[in-house]
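# Chains, contacts and geometry: an overview
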Amino acid sequence: MSALYLARSKEIAARVLDGEMMIMSARDSTLFSLNELGTIIWQAADGATSLEEIVAQKICPEYEVELAEALKDAEAFVRELAEHGIMLLSDQPIAPPAAASKERA
Amino acid sequence: MSALMEEMNERALKAGVPLSVQLDVTYRCNERCVHCYLDHDDHGEMTVAEIMDVLDQLAEAGVFFLCFSGGEVLMRMDFFRILEYARSLLFCVKVKTNAFMIREKEADRLRELGVQSVQVSVYSHRPEVHDAITKLPGSLKRSLAGMRLLRERGMKTIIANVLMRSNLNDYAGVKALAKELGAEYTIDPTITPKMDGDHSILPLGIGDEDLRQVFRNGDLVGNVEEFCAPPPTVNDDVLDGLPCSAGHTACYISPYGDVYPCVQFPLPTGNVRKQKFLAIWRHSPQMNEVRSIHARDLPVCSTCTHVGSCTRCPGLAYMEGNMRGPSSQDCEKSFARTGLLSANMLLKNASRAQSTLVQVAGVRQPQDAPLSQVIDAAPPAQPSEESVTRL
């Protein structure tokens with residue numbers, strides 16, 4: 001399997017509420033709630049780290065699961081988010097969007 | 001409301017998180033709507049740096065839904081910098097605007113920045129009626145043009161139709177406009193007093209019979225039978241209920257940094273120029289007082305048959321003089337829906353009848369009608385026009 005890179009879409013709103021990540025799609029206002037594992041993947045989706053690295057580094061050691069099994073579930077999860085337009089997927093690293101600045105224009 | 005949204009609200013309430021905030025970035029406006037509750041001078045708006053700092057604090061506090069309103073937001077030349085920064089903090093942003101100043105460039109930016117929805121007030125499909133309310137010639141044409149640009153970019157738009165005497169007959173036309181524009185349509189028959197307590201604009205609102213007709217129009221309220229259903233039985237669950245989200249999961253911040261429980265509830269609780277937002281939200285005595293009030297703590301409303309279904313606004317009650325008191329406009333709405341007088345109305349009628357008796361008895365002459373006829377002539381147990389339009 002080739003590497004899968006993931007980045008959060010710009011067209012979402014998100015906030016951690018009481019320990020759970022709430023995400024709303026600006027495209028269709030659908031609201032999602034991610035569980036603990038989903039939140040870990042979401043927060044690590046920086047466009048530069050592959051899904052395999054995220055699972056290997058942040059999930060397997062913490063939850064004592066096999067990499068292959070965890071990766072399969074994680075991939076299904078991110079593909080579902082991608083279908084709703086709230087996660088971007090690519091086999092190449094994804095450049096992050098320019099950050100808004102507090103400096104005067 | 002979706003089940004997940006309900007769950008989100010419940011969790012925010014339990015955790016004391018201000019899920020929704022309305023931030024008015026300016027009170028300046030290019031329109032002068034006859035019913036507006038604001039003055040439009042700049043008394044020292046927060047700078048863009050101050051607003052960005054407030055946005056950081058709101059994100060930290062857990063705010064998810066952020067509504068930018070005014071005044072007219074686009075009167076601020078730096079509005080898009082504020083908006084861009086807010087979106088970088090991942091707020092779900094709604095913008096209220098009259099859309100007069102939305103051209104291609106502004107529509108593109110709103111779309112690019114992922115604004116969730118744009119709400120525009122439209123009072124009539126007829127320019128002569130709409131423009132007479134906004135006092136800005138050409139405003140309907142420009143507002144609709146702005147909305148079309150947003151719609152062409154696939155943005156969610158909402159038409160808010162405030163109903164007044166002067167535009168009451170035009171709601172069908174506005175609703176048809178909304179359909180043509182692919183916009184959601186909402187009506188609001190409530191005219192609120194000005195923020196400074198001035199009640200002089202309230203007579204612009206529609207009367208009780210018109211309100212009754214509106215509430216029986218399925219095109220406006222959906223299922224009339226359900227909307228106008230008798231109030232539910234009053235029980236402990238109802239009496240333990242909270243009036244609304246103001247101060248519980250929502251609040252309002254003025255362009256000057258004043259924090260209130262709601263835009264319609266001008267109870268000062270603190271100012272973000274002097275204190276941190278979370279300190280105000282969590283520790284303001286006024287905010288905590290608002291939070292402490294349950295339906296059973298309302299001296300009149302807790303005895304009212306409508307308490308389980310009334311839309312009682314604590315802010316309007318506050319502007320009537322007592323945040324634990326009734327909101328007369330909501331009493332009128334409950335009556336218009338169900339035909340049942342509220343406890344507040346019954347008290348007012350009793351008081352009016354009593355004062356009539358005292359007055360007549362005081363000047364009664366032997367040739368006057370017998371007292372029994374005076375009692376019969378007392379005002380009927382119906383809300384008067386006066387009680388609809390004056391708080």
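Scroll up to find the structure.
Just so you know, these numbers come straight off a predicted model, no measurement behind them. (Residues numbered from 1 in each chain as written. Chains lettered and ligands numbered in written order. Predicted model: local features only at pLDDT ≥ 70, side-chain atom pairs only at ≥ 80, totals over all residues.)

## What to know about the overall build of chain B
Assigned secondary structure in chain B consists of 18 helices and nine strands. Taken against the 2.2 N^0.38 rule, which gives 21 Å for 391 residues, the C-alpha radius of gyration of chain B at 23 Å falls within 12% of a compact globule. For chain B, buried positions account for 42% of its 391 residues. Considering only contacts within chain B whose residues lie at least 6 apart along the sequence, 69% involve residues at least 24 apart. (Helix = DSSP H or I, 4+ residues; strand = E, 2+ residues; numbered from the N terminus. Rg over C-alpha atoms; globule rule 2.2 N^0.38 Å. Buried ≥ 20, exposed ≤ 12 C-beta atoms within 10 Å, placed from the backbone. Contact = placed C-beta atoms within 7 Å.)

## Details of helix α6 (residues 139–152) of chain B
Residue and element names in this part refer to chain B. Relative to the 20 Å expected for 14 residues at 1.5 Å per residue, α6 spans 20 Å between its end C-alpha atoms, a close match to the ideal helical length. Contacts from the buried residues of α6 go to α4 (104–112), β4 (117–121), α5 (127–134), β5 (157–162) and α7 (171–181). Note on α6: the residue one or two positions beyond its end, G154, has a positive phi of about 80°. (Expected span 1.5 Å × (residues − 1).)

## Some remarks on the nonpolar core
Residues and elements named next belong to chain B. Of all hydrophobic cores here, the largest spans 110 residues; its most connected members are L66, F68 and V93. Discounting chain neighbours no more than four positions away, the residues touching F68 are L23, V25, V73, L83, V93 and V95. Counting six residues, the second-largest nonpolar core is a separate cluster that includes A295, L298, C301 and V307. (Core = buried A, V, L, I, M, F, W, Y, C linked by C-beta atoms within 7 Å.)

## Here's the deal with the sheet that holds strand β4 (residues 31–34) of chain A
Residue and element names in this part refer to chain A. Taken in spatial order, the three strands make up an open sheet running β2-β3-β4, and their pairing is antiparallel. The open sheet has two free edges, formed respectively by β2 (12–17) and β4, since each of these has just one partner strand. The sheet shows a mean angle of 20° between the axes of neighbouring strands, taken without regard to direction. For strand β3 (residues 20–25) and β4, the ladder comprises four bridges, and the chain directions are antiparallel. The residue bridging I23 from the neighbouring strand is F32, located in β4. Together, β3 and β4 form the strand contacts of helix α1 (residues 36–44), whose direction differs from that of β3 by roughly 65°. (Pairing = 2+ DSSP bridges. Axes fitted to C-alpha atoms, helices over the stretch in contact; angles between N-to-C directions.)

## What to know about unusual backbone geometry
Each neighbour pair has its own omega, and for G70(B) with G71(B) the value is 25°, a cis peptide bond. Looking at the secondary structure, you find G71(B) in the loop between β2 (65–69) and α3 (79–88). You will see that E64(A), though not glycine, has its phi angle at about 50°, which is positive. Structurally, E64(A) is set in the loop between α2 (51–63) and α3 (67–83). Classification of E64(A) by C-beta neighbours within 10 Å gives exposed; the count is 8.

## Describing the environment of I158(B)
Residues and elements named next belong to chain B. Structurally, the position occupied by I158 is in strand β5. Classification of I158 as partly exposed rests on a count of 18 C-beta atoms within 10 Å. Sequence separation of I158 and F335 is 177 residues, and the distance between their C-alpha atoms is 28 Å.

## Some words on the packing of α5(B) against α6(B)
Packed helices, taken two at a time, are described by the angle their axes make and the gap between the axes. Residue and element names in this part refer to chain B. Packing of α5 against α6 brings their axes to within 8 Å, and their N-to-C directions diverge by 95°. With respect to α6, the element α5 is oriented roughly perpendicular. Of the residues in α6, those touching α5 at P127, H130, D131 and T134 are S139, L140 and K141. Broken down by class, the residue content of the contact of α5 with α6 amounts to two nonpolar, three polar and two charged. (Parallel < 35°, antiparallel > 145°, perpendicular 65-115°, else oblique. Nonpolar A, V, L, I, M, F, W, Y, C, P; charged D, E, K, R; others polar.)

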